[in-house]
Amino acid sequence: MVTFLAGGTGTPKLLDGAAAVFDPADTAVVANTGDDVELGGHLVCPDVDTVLFSEGGVLNRERWWGIDGDTTETHDELHRLADAAGFDAGPRYLPDDAQTAGRDIARWRRFSGVAEFMEIGDRDRAVHVTRTGLLDEGRTLTEATRTLAEAFGVDVDLVPMSDDPVATLIHTPDGTLHFQEYWVAERADPTVEDVEFRGADDAEPSPAALDALDDEVVVGPSNPVTSIGPMLAVPGFEAALRDTTVVAVSPFVEDDVFSGPAADLMAGVGEEPSTAGVADVYPFADAFVLDDDDGTDLDRPVVRTDTRMDDAADAERVAEACAEALEVAG
Ligand code: GDP
């Protein structure tokens, strides 16, 4: 049995080749939910959904989010209506008192659906409507996720890190932005002064995630701050990682990042934006998988390979390195 920790890019890429090395029937994937937002009343879980769609074989692999070939008629009509009414299209947070009203799971990340600021495809939206409906019927986020995973024919056990609300908020010189506003609306442009995981202190790991953390764990090449950080902020999660064998794939080659805002976010929370910095924030990792060109000298065992993943064959090579690292570490 093996458990992968996933954000929305690196681990989903790694999972593309993992089935050849780790039997999907014995594989769990714990997905970050710090990025989630409630948009127009529907809970959107970007990292859960990227795994759902990639493992279900429908992911739009050019954009790395949403469903391949999806249409956007509803989204386009929402913008037409907002334009006609003269409404501003930026992220439209609901008022402060609405942030803790309504569904608990949506706290501190409630946005109006007027001129929705994230593009939600029509089929994609059906996922959010179904998920939110299941929550309203009294299911947990874990149950809703498993139901959706079955509908997409996902072979691994995909579960959210928590059934409770945790909101990743980015503090900038111009104020506090939800991670989705920072990433989607502001394109990671604002200076990061700090990152907060609001609600994490009162959250618990989902029982399914805790179970999965009894097994050996692979932290895929993830954003350490905004994909793994929310998990580590939930009490009990890091302790469970300390108690099991963990290997982590670096999202850096020394201080070069493959993609995304990981370097700015690491610097923003006072960590070195590099493989060495990742090792510092993962004290529970027993071994690392680093790129052949990454000469970082770590205090823990290292397995090296070409960690760039452009296709399933690349992912299989990195998954094999993870299996080797688990052996070395265990
Ligand atoms: P997010 O949810 O989209 O922010 O993505 P993740 O948490 O999954 O992490 C993105 C990280 O994956 C970035 O820091 C990238 O450097 C890293 N990454 C993306 N592609 C690759 C790759 O092919 N190989 C490796 N080793 N890392 C990658």
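Reading the values: the criteria
Residues numbered from 1 in each chain as written. Predicted model: local features only at pLDDT ≥ 70, side-chain atom pairs only at ≥ 80, totals over all residues. Heavy atoms only, no water. Salt bridge = Lys/Arg side-chain N within 4 Å of Asp/Glu carboxyl O. Helix = DSSP H or I, 4+ residues; strand = E, 2+ residues; numbered from the N terminus. Buried < 20%, exposed > 50% of the residue type's maximum accessible area, 1.4 Å probe, protein only. Near = heavy atom within 4 Å. Polar contact = N/O pair within 3.5 Å; in protein donor to acceptor, adjacent residues only side chain to side chain. Nonpolar A, V, L, I, M, F, W, Y, C, P; charged D, E, K, R; others polar. Pairing = 2+ DSSP bridges.

### A closer look at the pattern of salt bridges
Thought 1: Under the definition given, this model contains 15 salt bridges.
Thought 2: Between Asp 157 and Arg 146 there is a salt bridge; the shortest N-O distance is 2.8 Å. With a gap of 11 residues between them, Asp 157 in strand E6 (residues 157–160) and Arg 146 in helix H6 (residues 141–151) connect regions that are remote in the sequence.
Thought 3: By relative accessible area, Asp 157 is classed as partly exposed at 29%.
Thought 4: Owing to a relative accessible area of 36%, Arg 146 belongs among the partly exposed residues under this scheme.
Thought 5: Here Arg 300 makes a salt bridge to Asp 299, at a shortest N to O gap of 2.9 Å.
Thought 6: Classification of Asp 299 by relative accessible area gives exposed; the value is 66%.

### Looking at the site of the ligand
Thought 1: Around the ligand sit 19 residues in total, of which Gly 8, Thr 9, Ser 227, Thr 307 and Met 309 are the nearest.
Thought 2: Between Pro 221 and the ligand, the recorded distance is 3.1 Å, taken from a backbone N or O atom to an oxygen atom.
Thought 3: Across the shell around the ligand, the residue classes break down as six nonpolar, 10 polar and three charged.

### With respect to the pairing of strand E7 (residues 167–172)
Thought 1: Among the six residues in E7, five count as buried, and that is most of the element.
Thought 2: Where E7 lies against strand E9 (residues 194–198), five bridges are found, and the strand directions are antiparallel. Considered in E9, the bridge of Thr 168 is made with Phe 197.
Thought 3: Sheet topology note: the E7/strand E8 (residues 175–178) ladder contains four bridges and is antiparallel. Looking at E8, one finds that Thr 172 is bridged to Gly 175.
Thought 4: Between E7 and the antiparallel strand that follows it, E8, lie two residues.

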